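Results of the structural survey
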Amino acid sequence: MSAVASSAITRRSFLVGAASATMAASPPRAAESSGRAREFRLVATTARWPLVGAPHPHTDVWCYAGRVPGPQIRVRQGEPVRITVENKLQQDTTVHWHGIRLPFAMDGVPGLTQPPIRAGESFTYEFTPPDAGTFWYHPHANSLQQLGRGMGGALIVEEPEPVPVDRDILWLLSDWRLTSDAQIASGFGNPMDAAMSGRVGNTVTVNGAVSTDEPVWAGERVRLRVVNGALARIMALRFEGHRPVVVAIDGQPCDPHEPDGGRVLLGPAMRVDVVLDMQGEPGRRYRVVDDFYDGLPYWLTQLAYDKQSPVRAHSLEGSLALPRNPLPEPDLANADRHVLTLQGGMMGGAGTSGMGTQGMSHGATWAINGTSMTGDGHAGMAPLLTLQLGRTYILTVRNDTAFWHPVHFHGHSFRVLNRNGSPVPYRQWADTVLLPPRQTVDVAFVADNPGDWMLHCHVTDHQVSGLMTVLRVA
Ligand code: C2O
Ligand code: CU
Ligand code: CU
């Protein structure tokens, strides 16, 4: 009883503090938007959740609102939102709105964009999403454990005009390293994971549960939003008997296309929207296979067709192209160029333990241009580069390591120009670009959002052990 009363008091007095901090950061916006904003409340907490299903016990998780994944937040493009995050964990947290181009003070990086949200306290995030698409939210404090124990959810920004499909569905995919009694294994951040592929788990869930069947109806057209919410697992999804068409990457529409080899490739934190015409036979099941890792394919779930006859005789006609978002077009002819070289990790074949680079900070495993920032973000991270507000930049990201890295940049979306010098087709924009070993990727963007923005690998073990930096836009 008294615990309830005292936490209510803490919360009330804290909310006053949070409101004034927000006002100090951006007075006109906050004052203007507070009347019309859509309000949400997210409680960071612990829970027990049926990840694997009977006869296995429920799993102890950390999550939002008592469920895995966290609640799906759906808002409209251009509509202001206010999301109050209440921290009922025993440790600091923050929430990062991955892929949303928002003001720096709302980006959720502890020490850099805001003080961490202490246990028992709250923080209110306010922003107006400029882009429609599939985004997600996750903690940016003690990320390995907080994300790895279940904190994360989808943030969907709807187009003003709905896209003509029969159903719009979300698969938030998570990867867990579970013990035989369905509990989360310890050993977060061990040096082996850090120096190699990260904490790849042994159980993949769809929307918070191991899945055998996802119900579908013959003849329907589905927009399937896939989010890779894993700590480290890269996925390559094949839809047996189906031909997915990619219509958006990381929330940003691209020219609709069938992916290479029919496989939808998703590094951690990446999102792909596909349109699927359900042309299978009523009553049948078709596997969705992830065969990214050589020799370790598994099926994620099955498209399970209802027995009823097709909802329509022919598939829907019409363009699958989504309306473009208001992204500033890079001025490639007048761009400044910088090279970011990813270094470190375990090199060469099995048994070789040499770390790949000189000049890495003590205790770090990875580096960008010889410098290692570790952790999830903290005060005093000196920017690697200062970019001029309004200018176009081409970043050449070179992967000099033997591992894959999904490289993510905060506060901006970038156009993916070339891979190993070959142009990337279909006008692809992204906020996270997946680099195979030894590949070089050029991306371009207009530095139009002032702040000290993080750039890091989204394999969380890599991020926290050095594959992170900060780019200042000023
Ligand atoms: Cu989703 Cu700093 O990341
Ligand atoms: Cu981000
Ligand atoms: Cu990495």
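Preceding this section is the structure that the text describes.
So, how was this worked out
Once a new chain begins, its residue numbering starts again from 1 and follows that chain's sequence as written. Labels follow written order: the first chain is A, the first ligand is 1, and so on. Restriction of local features to residues with pLDDT of at least 70 applies here, the model being predicted, together with a cutoff of 80 or more for giving and counting side-chain atom pairs; totals for whole chains, interfaces and linings are based on all residues. Heavy atoms throughout the structure, all of them, feed into the side-chain values; hydrogens and water do not. Residues belong to a common nonpolar core when they are buried Ala, Val, Leu, Ile, Met, Phe, Trp, Tyr or Cys residues joined through side-chain atoms within 4.5 Å. Summary of the burial criterion: residues with accessible area below 20% of their type's maximum are buried, those above 50% are exposed, and those between are partly exposed, where the area comes from a 1.4 Å probe applied to protein chains only. Working definition: helices are DSSP H or I runs of at least four residues, strands are E runs of at least two. Numbering for both runs from the N terminus. A contact between two residues is defined here by any heavy atoms of the two lying within 4.5 Å. Metal coordination here is assigned from N, O and S atoms located within 2.8 Å of the ion, or within 3.2 Å for Na, K and Ca; omission of water means that sites may look incomplete. At least two DSSP bridges between two strands are needed for those strands to be called paired. An axis is simply a line fitted to the C-alpha atoms; with a helix, the fit covers only the stretch in contact. Between two such axes, the angle follows the N-to-C directions and lies from 0 to 180 degrees. Centre distance within 6.5 Å is the pairing criterion for rings of Phe, Tyr and Trp, where only the six-membered ring of Trp is used; planes under 30 degrees apart are then read as stacked, over 60 as edge-to-face, and the remainder as tilted. Here, a charge over a ring means that NZ of Lys or CZ of Arg falls within 6 Å of the ring centre while also lying within 35 degrees of the ring normal. Two N or O atoms count as a polar contact when they lie within 3.5 Å, although within protein this holds only if one can serve as hydrogen donor and the other as acceptor, and sequence-adjacent residues are included solely when both atoms are side-chain atoms.

As for the nonpolar core
If you look at the biggest cluster of nonpolar residues, it comprises 91 residues, and the most contacted ones within it are Trp-171, Leu-237, Phe-239 and Leu-303. Examining the composition of this core, we find that five residues originate from one element, strand β9 (residues 167-176), more than from any other. When near neighbours in sequence (up to four residues on either side) are disregarded, Leu-303 contacts Trp-171, Glu-214, Val-216, Phe-239, His-242, Met-278, Arg-284, Arg-285, Tyr-286 and Val-288.

Some details on the coordination of the copper ion (ligand 2)
Within the first shell, the copper ion (ligand 2) binds the protein through His-96 (NE2) and His-408 (NE2), at distances of 1.8 Å. Highlighted residues: His-96 in strand β5 (residues 95-98) and His-408 in strand β25 (residues 405-409), separated in sequence by 312 residues. Taken as a pair, His-96 and His-408 share a single burial class, namely buried.

A word on the pairing of strand β7 (residues 133-139)
Of all seven residues making up β7, seven are buried, and the element is well covered by its neighbours. Both faces of β7 are covered, namely the face carrying Gly-133, Phe-135, Tyr-137 and Pro-139 and the face carrying Thr-134, Trp-136 and His-138. Two elements, β5 and β7, share four bridges in a ladder whose sense is antiparallel. If you follow His-98 over to β7, its bridge partner there is Trp-136. Bridge count between β7 and strand β8 (residues 153-158): five bridges; the pairing is antiparallel. In the strand pairing of β8, Phe-135 is matched with Leu-155.

Comments concerning the sheet that holds strand β17 (residues 271-277)
The pairing of strands in a sheet happens through backbone hydrogen bonds and is either parallel or antiparallel. The strand order across the open sheet built from six strands is β10-β9-β12-β17-β14-β15, with neighbouring strands paired in mixed fashion. On the outer flanks of this sheet lie β10 (203-206) and β15 (252-257), each paired with one strand and no other. Averaged over all adjacent pairs, the angle separating strand axes in this sheet is 25°, with direction ignored. Two elements, strand β12 (residues 221-228) and β17, share seven bridges in a ladder whose sense is antiparallel. Bridging across to β17, Leu-224 finds its partner in Val-274.

A few points about the coordination of the copper ion (ligand 3)
Ideal geometry at a metal centre gives angles of 109.5 degrees when four donors are arranged tetrahedrally and 90 or 180 degrees when six donors are arranged octahedrally. Every protein donor of the copper ion (ligand 3) is accounted for by His-405 (ND1), Cys-457 (SG) and His-462 (ND1), and the metal-donor separations fall at 2.0 to 2.1 Å. Read in sequence order, the donor residues coordinating the copper ion (ligand 3) give the pattern H-x51-C-x4-H. Separated by 57 residues along the polypeptide, His-405 in strand β25 and His-462 in helix α5 (residues 460-464) bring together distant segments of the chain.

Focus on the packing of aromatic side chains
Scanning the model with the defined rule gives 13 aromatic pairs in all. Ring centres of Trp-97 and Tyr-125 lie 5.3 Å apart, and the angle between their planes is 70°; on these two criteria the pair is classed as edge-to-face. Highlighted residues: Trp-97 in strand β5 and Tyr-125 in strand β6 (residues 122-127), separated in sequence by 28 residues. For the pair Trp-97 and Tyr-125, one class covers both residues: buried. Taking the centre distance of 5.6 Å and the plane angle of 45° together, the rings of Trp-97 and Tyr-137 count as tilted. Separated by 40 residues along the polypeptide, Trp-97 in strand β5 and Tyr-137 in strand β7 bring together distant segments of the chain. Residue Trp-97 is classed as buried on the basis of its relative accessible area, which comes to 0%. Ring pairs connect the aromatic residues Tyr-64, Trp-97, Phe-123, Tyr-125, Phe-127 and Tyr-137, which therefore count as one cluster. For Arg-149, the ring lying beneath its charged end belongs to Trp-62, and the centroid distance is 5.1 Å. Sitting above the plane of the Phe-188 ring, Arg-199 keeps its charged end 3.7 Å from the centroid.

Points about the environment of Pro-282
By secondary structure assignment, the location of Pro-282 is in the loop between β17 and β18 (285-290). Of the residues examined, Pro-282 reaches a relative accessible area of 33% and is grouped as partly exposed. Considering only alpha carbons, one finds Pro-282 and Gln-308, 26 residues apart in sequence, at a separation of 6.1 Å. With near-sequence residues (within four places) excluded, Pro-282 lies in contact with Ala-218, Tyr-305, Asp-306, Lys-307, Gln-308, Ser-309 and Pro-310.

Describing the sheet that holds strand β2 (residues 59-64)
The mixed open sheet is built from four strands, whose spatial order is β2-β1-β4-β6. Unpaired on one side and paired on the other, β2 and β6 mark the two borders of the sheet. Averaged over all pairs of adjacent strands, the angle between strand axes in this sheet comes to 20°, irrespective of strand direction. Examined bridge by bridge, strand β4 (residues 81-87) and β6 share six bridges and lie antiparallel to one another. For Thr-84, the partnering residue across the bridge sits in β6 and is Thr-124.

Points about the pairing of strand β3 (residues 73-76)
Only one face of β3 is covered, namely the face carrying Ile-73 and Val-75; the face carrying Arg-74 and Arg-76 is uncovered. By the bridge criterion, four bridges tie β3 to β8 in an arrangement that is parallel. The partner of Ile-73 across the bridge, within β8, is Leu-155.

Concerning the side chain of Glu-159
Following the sequence through the fold, Glu-159 ends up in the loop between β8 and β9. Exposure remark for Glu-159: the relative accessible area of 9% places this residue in the buried category. A polar side-chain atom of Glu-159 sits 3.2 Å from a polar atom in the side chain of Arg-223. For Glu-159, the contacting residues outside a window of four places in its chain are Gln-77, Ala-132, Arg-223, Leu-322 and Pro-323.

Quick notes on unusual backbone geometry
The linkage connecting Ala-54 with the following residue, Pro-55, adopts the cis geometry, with an omega of 5°. Within the element layout of this structure, Pro-55 appears in the loop between β1 (38-49) and β2. Residue Pro-69 is bonded to the preceding Val-68 through a cis peptide linkage, with omega at -10°. One can find Pro-69 in the loop between β2 and β3. Positive phi is not limited to glycine here, since Asn-420 has a value of about 45°. Mapped onto the secondary structure, Asn-420 falls in the loop between β26 (414-419) and β27 (422-423). Phi is positive for Arg-427, close to 45°, though the residue is something other than glycine. Residue position: Arg-427 is located in the loop between β27 and β28 (429-430). On the basis of relative accessibility, which here comes to 41%, the residue Arg-427 falls in the partly exposed class.

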